[in-house]
Amino acid sequence: KMIKDLISTLMQEATSEMEHKGWCDSELAVNKQTRETKTAAVEELTAQKEEQSALISQLTQDIEDLTKAVAELDAAMAEAAEDRQASKEKNEATIEDAKAAQTAVENAMAVLKDFYAKSAQATALVQQTPEEDAPETFSKPYTGML
């Protein structure tokens, strides 16, 4: 009877040991699957992090390039504004000169019109016939020296 009890106890322990081993095997399989899933997730997140870091680097470089381009455009716009201001001042000076010249031309035209209006009445340079041009002291025409 003791042997049977011993065998029965050993059988119960073996069964218990088998159940425990089955439970451990299933837990190990679950843990292995969980570990593989978590490792894959970590690798995927690491890859995403590297992609995002590369994107950040690229965008940072783009921002620097665009900032330089904006600075160049600002400088070009400032230079163009200075050029336009200089041209505007030159044009305004030219306009003032043209107005002064126009006034001078109008004054000259008025002087010339007045001069020619008065000279139309003047007879100093008007052509005359020889009879009209002859002095009054001669009573008969000149016949030469005889």
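Residues numbered from 1 in each chain as written. Predicted model: local features only at pLDDT ≥ 70, side-chain atom pairs only at ≥ 80, totals over all residues. Heavy atoms only, no water.

Chemist: Hey, could you run me through the overall build of the protein in this one?
Modeler: Within the protein, the secondary structure is distributed over 2 helices and 0 strands. Expressed as a percentage of its 146 residues, the buried residues of the protein come to 0%. Summed over its atoms, the accessible surface of the protein is roughly 13900 Å², and 61% of this surface lies on carbon and sulfur atoms. (Helix = DSSP H or I, 4+ residues; strand = E, 2+ residues; numbered from the N terminus. Buried < 20%, exposed > 50% of the residue type's maximum accessible area, 1.4 Å probe, protein only. Areas by Shrake-Rupley, 256 points an atom, 1.4 Å probe, with all protein chains shown as cover.)

Chemist: I keep staring at the pattern of salt bridges and nothing clicks. Help me out?
Modeler: Side-chain pairs of opposite charge can arise whenever the charged atoms involved come near each other. Per the stated rule, a full pass over the model turns up 1 salt bridge. Notably, a salt bridge pairs lysine 21 with aspartate 25, separated by 2.9 Å at the nearest N-O pair. On the criterion of helical spacing, the pair formed by lysine 21 and aspartate 25 is a turn pair, its members being 4 residues apart in helix α1 (residues 2–119). On the accessibility criterion, aspartate 25 (38% relative accessible area) is partly exposed. (Salt bridge = Lys/Arg side-chain N within 4 Å of Asp/Glu carboxyl O.)

Chemist: I keep staring at a nonpolar patch on the surface and nothing clicks. Help me out?
Modeler: A cluster of nonpolar side chains, namely Met2, Ile3, Ile7 and Met11, defines an oily patch on the protein surface of about 490 Å² accessible area. Assignment of secondary structure puts methionine 2 in helix α1. (Patch = residues over 30% accessible without salt bridge, like charges linked within 9 Å, V, L, I, M, F, W, Y side chains within 5 Å.)

Chemist: How should I be thinking about a negative patch on the surface in this particular structure?
Modeler: Taken together, Glu89, Glu92, Glu96 and Asp97 make up a surface patch of like negative charges. Residue position: glutamate 89 is located in helix α1. Glutamate 89 sits in the partly exposed class, given a relative accessible area of 47%. (Lys, Arg positive; Asp, Glu negative; His and termini not counted. Charge placed at Lys NZ, Arg CZ, Asp CG, Glu CD.)

By themselves, these figures tell us nothing about what the structure is for.
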